[in-house]
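# Topology and contacts: notes
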Amino acid sequence: MKKKTSKLYVYGAIACLLLIAGIAYLYCFSSFSKESKTVYIYIDDDDNIDSVYTKLKPIANSLPFQAFHTLTLHSSYADHIRTGRFAIKPGNGALITWRHLKNGLQEPVNLTIPSVRTMDRLAGEISKRLMLDSATIAKALYDESVCEKYGYDTATIACMFIPNTYDIYWNVSLDKLLDRMQKESKTFWNFERTEKAKGMKLTPNQVITLASIVDEETANNAEKPMVAGMYYNRLTLRNAEYPEGMPLQADPTIKFAWKKFELKRIYNNLLHIKSPYNTYVNTGLPPGPIRIPSIAGIDAVLNHVHHDYLYMCAKEDFSGTHNFAKTYQEHMQNAAKYSKALNERGIK
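Residues numbered from 1 in each chain as written. Predicted model: local features only at pLDDT ≥ 70, side-chain atom pairs only at ≥ 80, totals over all residues. Heavy atoms only, no water.

Going by what an unreviewed UniProt entry lists, the protein is known as Endolytic murein transglycosylase and is assigned to Segatella hominis. Its UniProt record gives the protein the following Subcellular location (unreviewed entry) comment, quoted word for word: "Cell membrane". (UniProt positions renumbered as here; feature names shortened; annotations may be inferred.)

The following block contains the structure:
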C-alpha cells in the first residue's frame, strides 16, 4: 500500500509539474502575437506603460498579454520605457517580447532619401519614416552653423544626401542622422568618382549641382550623359563671344529661382529675376543643387558624353528626350518646332 501511495504522489507531482509547465508555456512562451505576420509597434517619447499596453493589446493573445503585464509589474520597465520600432513576430512569446521592449532591441527602418527639390520637402519625407518631426529636421538644414559643421552651407547641404535606401533606427537622433548621411556621402564619393570629378576640374558639390540640372531636364537615364555633356560644354566654353564662359541658360534653374516648379513654359519675362540661381544672367553653376539629384544623374555627369553640342530643346513629339544642336541657328529651328507643338496642345 505504501508503495502504491508513493507512486500516486509521484504521479500527482509529475502531473502538477506538467500542468504548471503547460500554463507557464501558454503564458510566457506561446505566441504573443495573434497575427500571422510580423507587426511593428512604435514607442515614442510620449508613451507611458498604459499607452504601451494600448498599442500591444490589439495584436496580443490573451494569456501572453497577461504574462507581459505580470513581467512589467515585477520589473523596472514601466519607469524606463525605451523608444523605438519593435518587431512583434509570430511565435515569439511574452518573455521574448518583454525582453526586446525592456532592452530596446528594436528593428531598423528602411529610410529612402528621395530626389526632392527643397529641404522642406526632404524634411517632410524623412519625418514620415523616423521619430523626428519635419520642423526639427528643416530647422537644422536651414541653420548655417549646423551645415558648416558638416562642411556645407545652406545652399549646398543637399549635396550631403545621397538618394539611396539605408537601414537606420526609427528613434535616431538628429545629430546621428546627419552623421550617418555624411558617412554615406563619403562612402559614395569613392576614389573612382572623386578622380573623375578632378578630371573635370569640378568638386563633388559642383558635380551634384550640375547633376541636379540634368535630372530636371530629363527623366530618361539613357539621355542624361548626353545632356550632361552639353551643359559641361557650356560650363567650360571660353571664346571671343564668351570670354568669361557661356551661361548655362538652364530653364529648371529659373523655376527654382521663382519657386514655381509647376511651370510648363519659360517666357522671357521670367528670365530677369535677380537670383544667384538665374543661369541666364549669371555664368557658371548656381550656388548649390536645385534638387537632390539621382545617382544616375550624378554618374551621368561623371561619365558625360564628349560631343560638340551647345544647345538642346525638347523634342516636339513630347517623348521626354531632346534635339541637340551645335549652332544657335539650328537650335532656333528646333525651338520653333517645339513651340509650335506646345501651342497646338494649348500648353502655356
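That shown, we press on.
### Quick notes on the pairing of strand S2 (residues 84-88)
For S2, the tally of buried residues reaches 5 of 5 residues, placing the bulk of the element in the interior. In S2, alternate side chains face the same way, and those of Gly84, Phe86 and Ile88 on one face and Arg85 and Ala87 on the other are all buried. (Buried < 20%, exposed > 50% of the residue type's maximum accessible area, 1.4 Å probe, protein only. Helix = DSSP H or I, 4+ residues; strand = E, 2+ residues; numbered from the N terminus.)

### Re helix H2 (residues 49-56)
Helical periodicity: at 3.6 residues per turn, an α-helix aligns residues three or four positions apart in one direction. Within H2 the residues assigned to the buried category are Ile49, Ser51, Val52, Tyr53 and Leu56. Turning to H2, the residues buried within the fold contact strand S1 (39-43), helix H3 (62-73), S2 and helix H4 (94-103). The N-cap residue of H2 is Asn48: its side-chain oxygen and the backbone nitrogen of Asp50 are 3.0 Å apart. (Contact = heavy atoms within 4.5 Å. Polar contact = N/O pair within 3.5 Å; in protein donor to acceptor, adjacent residues only side chain to side chain.)

### Considerations on the side chain of His322
Looking at the secondary structure, you find His322 in strand S6 (residues 322-325). Residue classification places His322 among the buried positions, given a relative accessible area of 8%. Beyond its immediate chain neighbours, meaning those up to four positions away, His322 contacts Glu217, Thr218, Glu223, Met312, Cys313, Ala314 and Lys315.

### Points about the pattern of salt bridges
Applying the stated criterion across every chain, the model contains 12 salt bridges. A salt bridge links Lys55 to Asp47; its shortest N-O distance comes to 2.6 Å. According to the relative accessible area criterion, Lys55 is partly exposed, its value standing at 30%. Lys340 is the salt-bridge partner of Glu344, the closest N and O atoms lying 2.5 Å from each other. Here the residue Glu344 and the residue Lys340 both occupy positions in helix H14 (residues 328-344), the gap between them amounting to 4 residues, near one helical turn. Both residues of the pair, Glu344 and Lys340, belong to the exposed class. Overlapping salt bridges bring together Arg117, Glu216 and Arg291 as one network. (Salt bridge = Lys/Arg side-chain N within 4 Å of Asp/Glu carboxyl O.)

### So, the UniProt feature "site: Important for catalytic activity" (unreviewed entry) in the protein
Per the UniProt record, "site: Important for catalytic activity" (unreviewed entry) is found at Glu217. Apart from residues no more than four positions distant in its own chain, Glu217 is found in contact with Val227, Tyr231, Ala250, Asp251, Pro252, Met312 and His322.

### Remarks on the packing of aromatic side chains
All chains considered together, the criterion is met by 11 aromatic pairs. Judged by centre distance (6.5 Å) and plane angle (80 degrees), the rings of Phe68 and Tyr77 are edge-to-face. Taken individually, Phe68 and Tyr77 each receive the classification buried, so the pair is uniform in this respect. Consider the rings of Tyr309 and Phe324, whose centres lie 5.8 Å apart with planes at 40 degrees: the pair is tilted. You can see Tyr309 sitting in the loop between helix H13 (295-302) and strand S5 (311-314) and its partner Phe324 sitting in strand S6, a full 15 residues away along the chain. The partly exposed category is assigned to Tyr309, whose relative accessible area is 24%. Each member of the aromatic cluster is reached from another via a ring pair, and the members are Phe32, Tyr53, Phe65, Phe68 and Tyr77. A cation over a ring is seen here: Arg85 above Tyr40, with NZ or CZ 3.7 Å from the ring centre. The ring of Phe188 is capped by Arg193, whose NZ or CZ atom sits 3.8 Å from the centre of that ring. (Phe/Tyr/Trp six-rings, centres within 6.5 Å; stacked < 30°, edge-to-face > 60°. Lys NZ or Arg CZ within 6 Å of the ring centre and 35° of its normal.)

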